[in-house]
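Each chain, letter by letter, is given below.
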Amino acid sequence: MPITGRPSSDPARMKERGKQTVSKPDTSPAPSHELEDENRRLRRAVEELTILNDLARAIGASYNSQEVMDTIIRRSVRAVNAEQGVLTLVDEKASQPMKTLIRTMVSSTGHQPLHFNESLLGWMFLNKCPLLINDPPGDVRFKGVQWGDTVSSLLCVPLLIKSELKGVLTLYNKRSATGFVEEDQRLLAIMAAQSAQLIETARLYEEEQALGRMREELRLASEIQLGLLPKTSPDVPGYDIAGRSIPAEVVGGDYFDFMPMDGEKFAFCLGDISGKGMPAALLMANLQATIRGQSLLKSNPKECLGRSNTLLYLSTDSQKFATLFYGILDSRRHELCYCNAGHEWPLMLTSSEREPDKLVRLDVGGIILGCVERFPYEETCVQFNPGDTVVVFSDGVTEAVNQSGEEYGEERIEQLLIENRQKSASDLIDKIIASIKGHAGKRPQMDDITLVVMRRQ
């Protein structure tokens, strides 16, 4: 009996079974149009890879954002056979995200340059995806937008970094009757994705370089400004004099100065320029040169400030002004003549036997400098007795605020002046500055702090 499942050895049956299971492969040729389509797709893929490779090599090593953008636009226009292109950079996180940071355009010869439409930018902010329009006037998404007769088609793609819109690349007017096609959109989207980070890197590199140059310029400006301030206190027999200025920023608008005069007289001043930073520092240097020039004329305080006011008015705009206290000390007669041009009223602590610890405010003078062309300033003179102390300060002292918004005020200066009447001028300044910082706590300094102290020993 044969074993179950064993294959039959009958030759005829095996031949018949082979005819049923073995078939010949289909060797008939494919239709020619399918081969043409496949070849076209392959050629297109090779061309796209070549375009992307050439673009990567052209912009990969550059840190010049303008050069990178120009290259991207030129190659994009050439890749999709458009008339012109526009690349617009924006900052989505800015307070005005629709504001254009940079706009670069490349136009073919003989074609009128087109302006990027703000409606496209708004659409990109909302959708962040490619946009292809071959009939701009008839596109319902931009109903009412005036495209102009020269715009026949456009292709717009976003430049995204981590889903954040950094820019928009727009090409206008395909050189073909059919307009832009999906293949153009896909290629341009890839080019934009490849280029976005490189553009941002180049732009940030340029900003970093510009910031570095600005910091260096500010450092040099700070050195120059410090060089304009007195390096030592004047040596006046019988008097102890000191001054100090602490800018709120790298450079400041406060200044003080000591200017020797004939005989036993010397002039001093403390000024406060409107504003802070570099503009205030430049005006401060201008005012300092003016005051020094006027002091050489040996004029009295009111004449000095009168002429300085006119010069400042004529050389600045109406938004720039300065407060200034200017005094002349006669160390032989022990007399201080002064003129106060809208400045904080300095404090004079007298120590006579009849009126010990009497505080006098030096407030005679006139308006701030630079507001009107001419003003009749006034002056007065006070006696400087042994033990008397004068403290001149800027509003950065009295207006220093703490975490609760409370100002330092004049009362604290008065109390410190009385409590430290026997200390040296430099030590008194140290005490006042330490008190201001203690009052402000962790709150940053908002204004320049400048002090001049004079004591008759």
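The shown structure was predicted, so the numbers you read here are calculated from the model rather than taken from an experiment.

### Observations concerning the overall build of the protein
Thinking step 1. Counting its regular elements, the protein contains 10 helices and 16 strands.
Thinking step 2. The buried share of the protein, reckoned over its 457 residues, is 44%.
Thinking step 3. Carbon and sulfur atoms provide 52% of the accessible area of the protein, an area that totals close to 24,900 Å².

### Quick word on the state of the cysteines
Thinking step 1. Scanning all chains against the criterion turns up 1 disulfide.
Thinking step 2. Across the disulfide from Cys-337 sits Cys-381; the S-S distance is 1.9 Å. Given an S-S torsion of about 100 degrees, the disulfide between Cys-337 and Cys-381 has right-handed geometry. Of this pair, Cys-337 sits in strand 10 (residues 335-341) while Cys-381 sits in strand 14 (residues 380-383), and the two are 44 residues apart along the sequence.
Thinking step 3. In this structure Cys-337 comes out as buried when scored by relative accessible area, which is 14%.
Thinking step 4. Overall, the relative accessible area of 35% leaves Cys-381 in the partly exposed class.
Thinking step 5. Cysteine Cys-156 remains unbridged, with the sulfur of Cys-129 as its closest cysteine sulfur at 9.6 Å.
Thinking step 6. By relative accessible area, which is 0% here, Cys-156 ends up buried.
Thinking step 7. Among the cysteines around Cys-269, which has no disulfide bond, Cys-304 carries the closest sulfur, lying 8.1 Å off.
Thinking step 8. According to the relative accessible area criterion, Cys-269 is buried, its value standing at 0%.

### A closer look at the packing of aromatic side chains
Thinking step 1. A complete count under the given rule lists 8 aromatic pairs for this structure.
Thinking step 2. Taking 5.3 Å as the distance between ring centres and 25 degrees as the angle between the ring planes, the aromatic pair formed by Phe-325 and Tyr-338 counts as stacked. Residue Phe-325 is located in strand 9 (residues 322-330), and its partner Tyr-338 is located in strand 10; the two are separated by 13 residues in the primary sequence.
Thinking step 3. Taking the relative accessible area as the measure of exposure, Tyr-338 reaches 2% and is therefore buried.
Thinking step 4. For the ring pair Phe-375 and Tyr-377, a centre distance of 4.9 Å and an interplane angle of 65 degrees mean the geometry is edge-to-face.
Thinking step 5. Three or more aromatic residues joined by ring pairs make a cluster, and in this case those are Phe-256, Phe-258, Phe-266, Phe-268, Phe-325 and Tyr-338.

### Structural notes on the confidence of the model for the protein
Thinking step 1. Considering every residue of the protein, the mean pLDDT works out to 84; 82% of them sit at 70 or more.
Thinking step 2. In the model, residues 1-7 has pLDDT below 50 throughout and makes 0 contacts with residues more than four positions away in sequence or in other chains.

### A short note on the pairing of strand 1 (residues 82-90)
Thinking step 1. Across the 9 residues of strand 1, 9 count as buried, placing the element largely inside the fold.
Thinking step 2. Two elements, strand 1 and strand 5 (residues 164-174), share 7 bridges in a ladder whose sense is antiparallel. By the bridge assignment for strand 5, Val-86 is matched with Thr-170.

### Thoughts on the nonpolar core
If you look at soluble globular proteins, the nonpolar side chains tend to sit buried side by side.
Thinking step 1. Counting 43 residues, the largest nonpolar core has Phe-268, Ile-291, Leu-324 and Tyr-326 as its most contacted members.
Thinking step 2. Excluding anything up to four places from it in sequence, Tyr-326 contacts Met-259, Ala-267, Phe-268, Cys-269, Ile-291, Ser-295, Pro-301, Cys-304, Leu-305, Cys-337, Tyr-338 and Cys-339.
Thinking step 3. In this structure, Met-69, Leu-159, Leu-171 and Ala-192 belong to the second largest nonpolar core, which totals 21 residues.

### Description of helix 7 (residues 301-315)
Thinking step 1. Taking 1.5 Å per residue, 15 residues should reach 21 Å; helix 7 reaches 21 Å between its end C-alpha atoms and fits that length.
Thinking step 2. Taken together, the buried positions of helix 7 are occupied by Pro-301, Cys-304, Leu-305, Gly-306, Ser-308, Asn-309, Thr-310 and Leu-312.
Thinking step 3. Packing partners of the buried residues in helix 7 comprise helix 6 (277-295), strand 9 and strand 10.

### With respect to the packing of helix 9 (residues 409-419) against helix 10 (residues 425-440)
Thinking step 1. Where helix 9 meets helix 10, the closest approach of the two axes is 10 Å, and the angle between their N-to-C directions is 140 degrees. Classified by the angle their axes make, helix 9 and helix 10 are oblique. Every pair of crossing elements has a handedness; the one defined by helix 9 and helix 10 is right-handed. Here Arg-412, Ile-413, Leu-416 and Leu-417 of helix 9 lie close against helix 10, whose contacting residues are Leu-428, Lys-431, Ile-432, Ser-435 and His-439.
Thinking step 2. In terms of residue class, the contact of helix 9 with helix 10 is built from 5 nonpolar, 2 polar and 2 charged.

### Observations regarding the environment of Leu-451
Thinking step 1. In this fold, Leu-451 is placed in strand 16 (residues 449-456).
Thinking step 2. The exposure class of Leu-451 is buried, given its relative accessible area of 0%.
Thinking step 3. Along the backbone, Leu-451 and Asp-254 are 197 residues apart, and their C-alpha atoms lie at a distance of 9.7 Å.
Thinking step 4. Beyond its immediate stretch of four places on either side in the chain, Leu-451 contacts Ala-242, Gly-243, Arg-244, Leu-270, Val-391, Val-392, Phe-393, Val-397, Ile-429, Ile-432 and Ile-433.

### Points about unusual backbone geometry
Thinking step 1. In this structure, Asn-81 takes a positive phi of about 60 degrees despite not being glycine.
Thinking step 2. Assignment of secondary structure puts Asn-81 in the loop between helix 3 (65-80) and strand 1.
Thinking step 3. Under the relative-accessibility criterion, Asn-81 is labelled partly exposed at 35%.
Thinking step 4. Phi at Lys-128 takes a positive value of approximately 55 degrees, unusual for a residue other than glycine.
Thinking step 5. Within the secondary structure, Lys-128 sits in the loop between helix 4 (118-127) and strand 3 (131-133).
Thinking step 6. You can call Lys-128 partly exposed: its relative accessible area is 26%.

Criteria and thresholds
Residues numbered from 1 in each chain as written. Predicted model: local features only at pLDDT ≥ 70, side-chain atom pairs only at ≥ 80, totals over all residues. Heavy atoms only, no water. Helix = DSSP H or I, 4+ residues; strand = E, 2+ residues; numbered from the N terminus. Buried < 20%, exposed > 50% of the residue type's maximum accessible area, 1.4 Å probe, protein only. Areas by Shrake-Rupley, 256 points an atom, 1.4 Å probe, with all protein chains shown as cover. Disulfide = S-S within 2.5 Å. Phe/Tyr/Trp six-rings, centres within 6.5 Å; stacked < 30°, edge-to-face > 60°. pLDDT = per-residue confidence, 0-100. Contact = heavy atoms within 4.5 Å. Pairing = 2+ DSSP bridges. Core = buried A, V, L, I, M, F, W, Y, C linked by side-chain atoms within 4.5 Å. Expected span 1.5 Å × (residues − 1). Axes fitted to C-alpha atoms, helices over the stretch in contact; angles between N-to-C directions. Parallel < 35°, antiparallel > 145°, perpendicular 65-115°, else oblique. Left-handed = near helix turned anticlockwise from the far one by under 90°. Nonpolar A, V, L, I, M, F, W, Y, C, P; charged D, E, K, R; others polar.

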